[in-house]
Each structure stands twice: as C-alpha cells, then as structure tokens.
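Inside the fold
Residues per chain, in single letters:
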Amino acid sequence: MEMGSETKHVMLVCYAAQGHINPVLQFAGRLASRGISITVATAAIGRQRILKDGDKATAFEADGNIKFEFFSDGSDPLMPIKDLDDCLGRLEREGPESLAGLVEDLRVQGRKVTYMVTTPFTPWVIDLAKGLGVPCSLLWIQCCAVYGYYYRVLHRNRAEMEVPLTFPGLPHLKPEDFPTLASPSSTYNRFPLLLTQLYEKLGDVKMVLGNSFNELEPEEIWFAEGLHLMKLVGPLIPQALLGCPTAPRLRKDMWVAPSNCLSWLDSKPEGSVVYVSLGSVSVLPPKQTEEMAWGLKISRRAFIWVVKPPENSSETGLPEGFLEGVEGQGIVVPWCPQVEVLSHPSLACFLTHCGWNSTLETVAAGVPVIAFPQWTDQPTNAMFLVDVLRVGVRLKVDLVTRDEVERCIAEVTDGEKATEMKKAAARCKEMARASVAKCGSSERNMQAFVDDIMDNGP
Ligand code: UDP
C-alpha cells in the first residue's frame, strides 16, 4: 500500500518463533482493521520457515495492511544456533544495526515508521526508537503473573528466588510453579539479564500492553510497586476462537500440517478425542515419548498427537510397532491447525505443555486440559489452568508413566470431576469472548492504544 504523509505506520518487532509470531500477527490484525499500516519485523532465522521453500521474497504481505520484513539476527545456516543463550546473544549483537537499516530502507521507500512496539526478546528496540525519536511500547506476550514474578525476583537478590512468593489473587506459588528461566539453577544466563534490561528501560516506553485480559488476570495478581501499569489487550488469538468466524484468518505457520487432521476429527464422535501437543519448541526425551505413547494406547481414547521431530532430524522417537498398534484409534502428525482442532466438536481435552498461546487458545475454546509443563513460563501457566481456573489436572512427576497418562485422561474425560472441569472451561470461554466484545475490557484497552498511536509520531 502506498502511504500518504498522514498514514500511521507501526512496526511490531518480534523473534521468529511460532509462539512470538502468532500473538504479534493477531495484534497486527487488530490494528490493521482500524486502518493502521503494519510492518512485522522479525528475525532472519525464521525467513525460510515463514516464507516456505522456494519463495525468494524478502518480505510478504499477510494481508493488505500487514507486511512482514526480516532483520539479521546473526544466524548462519552453517553454524546453527545452539541454544537460547546463543540465540539471544546473536540477536543482541546483530539485531540493532540491521533493524535500524530496515527502518531507514522503509523511510526511503516512503513507509516511514511512526510508532514501534517491541516484544520481550528485543529490549534494545526501545533504545533504537528513542534514538529515532519514534514512540515505542512493549507488548508482553506471556502471562501477566509471569511478568510480575520476573520483576520481583530480578529486583531481589537472586539467592532469594526460591522463597515462595505470594501474589494476591493466586494460590501460594510453589517452586514447581515458578517460571524456570529465572531460577538460580537455570543454565540460561542471558534471559534474566535481558529481562533486567527490559525492566530498566520501561521508563522510555509509552505503554506496556499484555496478551491477557482483565477478567483472567486482574491487576492485583501481577502488579508490583514501581512497575508500569499494563493494559491488557488479549487474548491475541485467532478471532475464530472468540466467536468471530468470519474475521480474516491471519496465520503464518512455520511447519506444514497434513491435510487429514480435520477430516479425521470429523469421523469421530462428539467430545471423544484427546489432543496432545507440546507446542513448537519442546521435544520429549525418548523414554517419556515411549510412556506417553503407551499411555495414549491404553487409555483406549481416540487421540491426535503432534510429534514434532527435533530440529535437523526426522526421528520422532515413537516406539516400534506403536503406529500400527493404534491404527483406527489415533493419528500422529508433525504439526496441525491447532485453532481448528481446539474448536472441533469431537474434542474432549487437550494434553498441553501450557505455552501461553496454547493456554489462551484452550481457555477461549472452553476445552479442559491435562497440563504437562516443560520449561520457561509453562509451570506458572499450568498452575493457573489447574489451581486457579480449575479446568484440568497436572502431570507432575519427572517421568510420567503410561499409567499416570491413562489415569489423567480418564479423570478429565469421565465422571463428576470431569463435568465440573467442563463447566469451568465453558465459563472461561464466555469470559474470553466478553473481553473482546464491543465495550469489553480488552477492546477498550486496544482503543486506548490506537488513540496513543494516532496522537503520537509524525
Ligand atoms: N501450534 C499449531 N500447531 C501445532 C502446534 C502448535 O498451530 O501443531 C500453534 C499453537 O496454536 C500456538 C503456537 O503454535 O499458537 C505455540 O505457541 P505456545 O505459546 O503455545 O507454545 P511454544 O511453541 O511457544 O512453546
């Protein structure tokens, strides 16, 4: 789209992980529908997966008002990224100059950036925006309780981190509920440093926006003295899950789902299928994959299981003979259209790693859960689903046995407790829809942000 001098052009910056791209794209959609032009700038490491094979474009349009662009994150196909610290380090070294170059290129093309929004992996965007004289806001893409938790522990002596923290409105947080990346035993050092930087820069951001909603996470849960008041604009999930089936379907999946997922679900009775997925990053160790596999089989429930082979491998680690043994009972796929799966009438429950996007999606779909958190914010999200919202049970022990998998599936799908969870999940669904309805809390906050964009910048 050709931009006139009056057009507001917001650049949303995020890391190229599926769990970052999804909420940012939904946020982009909400802004674009109000006539704002959007560039989603993401790290080059995702270029190939986002553009898919053979597509040589350097940018693409997600829809008329939303364009994707890539900036360098120091990724090198010959030297694959080793881990989170490595990835954050490269991003911090290479990102600022490359992103500044992109902003300048866009200006030359007549697409001057008038407002910037950063997500947590790129706190340096706040300095860049300041240098350019462009207003900048932060979009926090995890749950607000985690935002409050990190703020408190990172502003304390790290040795105190194991002390259980009390958040008004939440049950007593036990160490197994804490986000793993700020724990003293975490081997990832860069993430706490990056968050500390982020909190220090908050004085330079216009607004802190959160991918949550007031009815789900009221202020008392996450707010701490000295912390920026957050405006919650979520859930930033596809509108189809929020009662708007005709809204444009924005998606940019980094993996391809086989075409049979939904037709297979169509063939199953209502409320009968267990959906199992650990998101886009987590991979179970072989022994756990084996126990999960046999647990699903002995549950005798229909299931759809997303098993994403680790990067640079095609090995799923499924036990020998498993696939043949479950023919007719379940299917295993490398990726699926999760939103459509969660809203399918055949679904009974979701065995989830509790990534924040999956958490919001299951809350909005009204689907009960078996929480199986792996790392980062997932334990806190699991606590939230199970102990606060009461929409499921949690797999807790280190190695979850096949019997435990079977027991939890039975607990969430059959009997009085299952009925209560289903009712609680249905209430959550209504709450999510109300937040984004006209005059709903998130809708009002989104409008306040749009007003800020309109009032600021050239
Ligand atoms: N997702 C999907 N298909 C899959 C697995 C995941 O579409 O087979 C989507 C899911 O709907 C969610 C995102 O990928 O929006 C994963 O984000 P989340 O925060 O749940 O977990 P992460 O991948 O960041 O660990």
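The rules behind the values
Residues numbered from 1 in each chain as written. Predicted model: local features only at pLDDT ≥ 70, side-chain atom pairs only at ≥ 80, totals over all residues. Heavy atoms only, no water. Helix = DSSP H or I, 4+ residues; strand = E, 2+ residues; numbered from the N terminus. Rg over C-alpha atoms; globule rule 2.2 N^0.38 Å. Buried < 20%, exposed > 50% of the residue type's maximum accessible area, 1.4 Å probe, protein only. Lys, Arg positive; Asp, Glu negative; His and termini not counted. Charge placed at Lys NZ, Arg CZ, Asp CG, Glu CD. Near = heavy atom within 4 Å. Polar contact = N/O pair within 3.5 Å; in protein donor to acceptor, adjacent residues only side chain to side chain. Areas by Shrake-Rupley, 256 points an atom, 1.4 Å probe, with all protein chains shown as cover. Pairing = 2+ DSSP bridges. Axes fitted to C-alpha atoms, helices over the stretch in contact; angles between N-to-C directions. Contact = heavy atoms within 4.5 Å. Domains from an automatic or database assignment. Buried area = accessible area lost by both parts, 1.4 Å probe. Salt bridge = Lys/Arg side-chain N within 4 Å of Asp/Glu carboxyl O. Nonpolar A, V, L, I, M, F, W, Y, C, P; charged D, E, K, R; others polar. Expected span 1.5 Å × (residues − 1). pLDDT = per-residue confidence, 0-100. Right-handed = clockwise from strand over helix to strand, strands pointing away. Core = buried A, V, L, I, M, F, W, Y, C linked by side-chain atoms within 4.5 Å.

Section: the overall build of the protein chain
Looking only at helices and strands, the protein chain features 16 helices and 14 strands. At 22 Å, the protein chain has a C-alpha radius of gyration in line with the 23 Å of a compact globule built from 458 residues. Burial statistics for the protein chain: of 458 residues in total, 57% are counted as buried. The centroid of the 45 positive side-chain charges in the protein chain is displaced by 2 Å from the centroid of its 56 negative side-chain charges.

Observations concerning the site of the ligand
Around the ligand, a shell composed of 17 residues is seen, among which Ser280, Cys336, Asn357, Ser358 and Glu361 lie nearest. Within the side chain of Gln338, a nitrogen or oxygen atom sits 3.2 Å from an oxygen atom of the ligand. The contact in question runs from an oxygen atom of the ligand to an N or O atom on the backbone of Trp356, over 3.5 Å. Against a free-state accessible area of 530 Å², the protein chains account for coverage of 93% of the ligand. At the level of secondary structure, the elements contributing two or more residues to the shell around the ligand comprise helix H1 (18–32) and helix H12 (356–365).

Things to note about the sheet that holds strand S10 (residues 302–306)
Read from one edge to the other, the open sheet built from 6 strands follows the order S11-S10-S9-S12-S13-S14, with strand pairing classed as parallel. Taken across any chain shown, the strands that pair with only one partner, and hence form the sheet edges, are strand S11 (330–333) and strand S14 (392–394). For this sheet, the mean inter-axis angle between neighbouring strands, taken without regard to orientation, is 15 degrees. Direction of pairing for strand S9 (residues 273–277) relative to S10: parallel, over a ladder of 4 bridges. Across the sheet, the residue bridging to Val273 is Ala302, located in S10. The sheet strands contacting helix H13 (residues 378–388) are strand S13 (369–371) and S14, and the helix crosses S14 at an angle near 140 degrees. Against the sheet, helix H14 (residues 402–413) touches S9, strand S12 (347–352), S13 and S14, its axis set at about 145 degrees to S13.

A word on the domain arrangement of the protein chain
Here the domain parsing of the protein chain yields domain 1 (9–241 + 436–455) and domain 2 (260–433). With centres defined by C-alpha atoms, the gap from domain 1 to domain 2 works out at 27 Å. Every contact between the two is made by 34 residues of domain 1 and, on the other side, 27 residues of domain 2. Here domain 1 packs against domain 2, burying approximately 2700 Å² in sum over the two surfaces, 66% of which is carbon and sulfur. The largest share of the area that domain 1 buries against domain 2 comes from Asp177, Leu216 and Leu241, three residues that together contribute 23% of it. Taking the shortest distance from any N to any O, the salt bridge between Asp177 and Arg394 comes out at 3.0 Å. Where domain 1 packs against domain 2, one counts 8 residue pairs in polar contact (both at pLDDT 80 or more). Secondary-structure elements contributing two or more residues to the side of domain 1 that touches domain 2 are H1 and helix H5 (144–154). A per-element tally of the side of domain 1 that touches domain 2 places H1 first, with 3 residues. For the side of domain 1 that touches domain 2, a count of residues per class yields 22 nonpolar, 6 polar and 6 charged.

Brief notes about helix H3 (residues 84–108)
With 25 residues, H3 should cover 36 Å at 1.5 Å per step; its first-to-last C-alpha distance of 34 Å lies within 8% of that length. Phi turns positive one or two residues past the end of H3, at Gly110, with a value near 85 degrees.

Brief notes about the environment of Glu443
Within the fold, Glu443 resides in helix H16 (residues 441–455). Glu443 sits in the partly exposed class, given a relative accessible area of 27%. In this view, Glu443 contacts Arg34, Ser435, Val436, Ala437 and Lys438; residues no more than four positions away in its chain are not counted. For Glu443, the side chain forms a polar contact with the side chain of Arg34, separated by 2.6 Å.

Observations concerning the confidence of the model for the protein chain
Detail in the predicted coordinates should be disregarded across regions flagged by low pLDDT. Averaged over every residue, the pLDDT of the protein chain is 89; residues scoring 70 or more account for 92%. Overall fold confidence for the complex sits at a pTM of 0.94, while the interface term, ipTM, reaches 1.00.

Observations regarding helix H6 (residues 190–201)
In this model H6 runs 17 Å from its N-terminal to its C-terminal C-alpha over 12 residues, within 8% of the 16 Å that 1.5 Å per residue would give. Every buried residue of H6 is accounted for by Phe191, Pro192, Leu194, Leu195, Leu198, Tyr199 and Lys201. Here the buried face of H6 lies against H3, helix H4 (124–132), strand S6 (136–140) and H5.

Notes on the pairing of S9
Along any regular strand the residues' side chains alternate between the sheet's two faces. Burial runs high along S9: 5 of the 5 residues are buried. Side chains Val273, Tyr275 and Ser277 project from S9 onto one buried face, and the interleaved Val274 and Val276 project onto a second face that is buried too. Read from S9 through helix H9 (residues 286–299) to S10, the crossover connection turns out right-handed.

A few points about the pattern of salt bridges
Summed over the entire model, instances satisfying the criterion amount to 20 salt bridges. Between Glu443 and Arg34 there is a salt bridge, and its shortest N-O distance comes to 2.6 Å. Placement of the pair is Glu443 in helix H16 and Arg34 in the loop between H1 and strand S2 (37–43), with a sequence separation of 409 residues. We classify Arg34 as partly exposed; its relative accessible area is 24%. A salt bridge links Asp452 to Lys206; the shortest N-O distance between them is 2.9 Å. A residue pair is termed long-range when its members are at least 10 positions apart, and Asp452 in helix H16 and Lys206 in the loop between H6 and strand S7 (208–210) qualify at 246 residues. Judged by its relative accessible area of 11%, Asp452 falls in the buried class. It is possible to trace a salt-bridge network through shared partners that takes in Arg249, Arg251, Asp253 and Glu340.

As for the nonpolar core
Judged by nonpolar contacts, the single largest core of 134 residues is most densely connected at Phe27, Leu99, Met116 and Tyr150. Viewed by domain, this core spans two of them, domain 1 (9–241 + 436–455) and domain 2 (260–433), each represented by three or more residues. When sequence neighbours within four positions are dropped, the list of residues in contact with Met116 reads Met11, Val13, Leu99, Val103, Val125, Leu128, Ala129, Leu132, Val134, Pro135, Cys136 and Ser137. Counting residues in each nonpolar core, the second largest holds 25 residues, with Leu284, Phe303, Leu351 and Met421 among its members.

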